Amino acid sequence: MSEKELAIIRDIPNNDWFVSGHGACPGCGMTIAVKNIMRIIGNNSTVYVPASCLIVVSAVYPTSSFRTPLFFTAFENTGAVTTGIKAAYRRLGKDATVVGIAGDGGTFDIGLQALSGAAERGEDVLYVCVDNEAYMNTGIQRSGSTPFGAWTTTTPVGKKTKGKRQMKKDMMDLVIGHNVEYAATLSIAHYNDFVKKVDKAKRKSGFRFLHVLTPCVPGWKTESAKTVEIAKLAVETGMWTLFEYEDGEARATYRPKQLLPVTDYLQLQGRFRHMPSEDIKVLQRWVCNKYYWHFGHEAEQPACAMFKGEPEMHFDGDPLHGV
Ligand SMILES: Cc1ncc(C[n+]2csc(CCOP(=O)(O)OP(=O)(O)O)c2C)c(N)n1
Ligand code: SF4
């Protein structure tokens, strides 16, 4: 492709292919992500969106906020429908980017089978997961992506239970396990990293997966003006790790020099407000384990000092992602 590679936020073309008029909540992280992804992908593209907040807020027949062709069928089949659209274009001799944009429920849980099929076949499509960590448009039910301790309507807080009891599923590891062409995690607060990864995914052929953490105001019980700050804190506390997988190797694209304690992230969100200190410690431990797993021992962190010497911690190095 001869067009100039995009490296920083100012390089993004001004043309909008996802426009205002949609019904998303003020401060919705998902629409910030989608607007900027579409600016980079451009209009030589066809978008598929399964049942999710995105389709509900942006496509009330016969109108749509997407200025590209938009497809919508069922919840569980993003991998299958994008495969079919691309096959039809191939048959017609047309070259267009086919993008599927699904929520975490449609990716981690109910769409996992179709995603796995498309990834394993190496279909030439771009799959974007806009991850708001629950089934939001149907009333904030927990998904495989919901973090430990979070309140949702199906992981309530009461005398016996205190939010979700399981850890967030490692979706990137599952996708990378298919030996895909490209996979990357993105943050709406790390703009230049975001731009480079979307541009890279656009330029490549084969199965590409972008995983964006997208804060949700009512689901996370946050202030709408704090969406980007919360996305940034997710990275700085290690709740969200920025890396990419390319040519068979994973590499960190940003490493917080000094991890902030998870409480800096949790305290801005009502979904964690009930968390007892022992649960916060469990979550901090998960973060530290993940951090050492990704970045290795040389990056020892004060926020993790309390776990030193515990056998399950990866304090001895062995970073799985080869950073
Ligand atoms: C087979 C099937 N089961 C359930 C539903 C109902 N449903 C529609 S969207 C949705 C939740 C989507 O959650 P997610 O993918 O996380 O996207 P979000 O709404 O959070 O953006 C559910 C359960 C459906 N449409 N189809
Ligand atoms: S419920 Fe959450 S994901 Fe859905 S539009 Fe509102 S802020 Fe965005």
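Analysis parameters
- Residues numbered from 1 in each chain as written.
- Chains lettered and ligands numbered in written order.
- Predicted model: local features only at pLDDT ≥ 70, side-chain atom pairs only at ≥ 80, totals over all residues.
- Near = placed C-beta within 6 Å.
- Helix = DSSP H or I, 4+ residues; strand = E, 2+ residues; numbered from the N terminus.
- Nonpolar A, V, L, I, M, F, W, Y, C, P; charged D, E, K, R; others polar.
- Buried ≥ 20, exposed ≤ 12 C-beta atoms within 10 Å, placed from the backbone.
- Arc of directions from axis to C-beta.
- Contact = placed C-beta atoms within 7 Å.
- Pairing = 2+ DSSP bridges.
- Axes fitted to C-alpha atoms, helices over the stretch in contact; angles between N-to-C directions.
- Core = buried A, V, L, I, M, F, W, Y, C linked by C-beta atoms within 7 Å.

Enquirer: Can you walk me through the site of ligand 2 in this structure?
Expert: Near ligand 2 there are 13 residues, and of these Ala24, Cys25, Cys28, Cys53 and Cys216 occur at the shortest range. Those elements giving two or more residues to the shell around ligand 2 turn out to be α2 (53-58) and α8 (217-220). When the residues that make up the shell around ligand 2 are grouped by side-chain class, the tally is 10 nonpolar, three polar and no charged.

Enquirer: Where do I start with helix α5 (residues 112-121) in this structure?
Expert: Residues lying three or four places apart along an α-helix face the same way, a consequence of the helix completing one turn every 3.6 residues. All buried positions along α5 are accounted for by Ala114, Leu115, Ala118 and Ala119. Summarising the axial view, the buried residues of α5 lie within an arc of 130 degrees, below the 170-degree limit, and thus occupy one face. Buried-residue contacts for α5 involve α3 (78-92), α4 (105-109), β4 (126-131) and α6 (171-176). Immediately beyond the C-terminal end of α5, within one or two residues, lies Gly122, with a positive phi of roughly 70 degrees.

Enquirer: Can you help me understand the sheet that holds strand β6 (residues 208-213) in this one?
Expert: Hydrogen bonds between backbone groups are what pair the strands of a sheet, and the pairing can be parallel or antiparallel. Spatially, eight strands are ordered β2-β1-β3-β4-β6-β5-β7-β8 in an open sheet, and the strand pairing comes out mixed. Looking along the sheet, the strands with just one partner apiece sit at the ends: β2 (70-71) and β8 (249-254). Direction of pairing for strand β5 (residues 182-187) relative to β6: parallel, over a ladder of six bridges. Across the sheet, the residue bridging to Ser187 is Leu213, located in β6. Across the sheet, α3 lies against β1 (45-48), β2, β3 (97-103) and β4, angled at about 165 degrees from β3, the strand it touches most.

Enquirer: Explain the nonpolar core to me, please; I cannot follow it from the model alone.
Expert: Proteins that are soluble and globular tend to have nonpolar side chains buried together. With 91 residues, the main nonpolar core has Val34, Ile101, Val128, Val130, Val212 and Ala234 as its most contacted residues. With eight residues, the single largest contributor to this core is helix α1 (residues 29-41). Discounting chain neighbours no more than four positions away, the residues touching Val212 are Ala33, Val128, Cys129, Val130, Asp131, Leu186 and Ile188.

Enquirer: Help me understand unusual backbone geometry in this model?
Expert: Trans is the common state for peptide bonds, and a negative phi is the common state for residues other than glycine. Tyr61 connects to Pro62 through a cis peptide bond whose omega is 5 degrees. Summarising the element assignment, Pro62 is placed in the loop between α2 and β2. Backbone geometry places Lys221, a non-glycine residue, at a positive phi of 55 degrees. Mapped onto the secondary structure, Lys221 falls in the loop between α8 and α9 (227-236).

Enquirer: I tried to follow the site of ligand 1 on my own but got confused; where do I start?
Expert: The environment of ligand 1 is made up of 16 residues, and the closest members are Ser52, Cys53, Gly103, Gly105 and Met136. Elements supplying a minimum of two residues to the shell around ligand 1: α2 and α4. When the residues that make up the shell around ligand 1 are grouped by side-chain class, the tally is six nonpolar, eight polar and two charged.

Enquirer: Can you walk me through the pairing of β3 in this structure?
Expert: Each regular strand displays side chains that alternate between the two surfaces of the sheet. Extensive coverage of β3 is indicated by the burial of seven of its seven residues. Burial along β3 is two-sided: Thr97, Val99, Ile101 and Gly103 and Val98, Gly100 and Ala102, pointing in opposite directions, are all buried. Here β1 pairs with β3 via four bridges, running parallel. Residue pairing across strands places Thr46 opposite Val98, the latter belonging to β3. Pairing geometry for β3 and β4, over five bridges, is parallel. Along β4, the bridge assignment pairs Gly100 with Tyr127.

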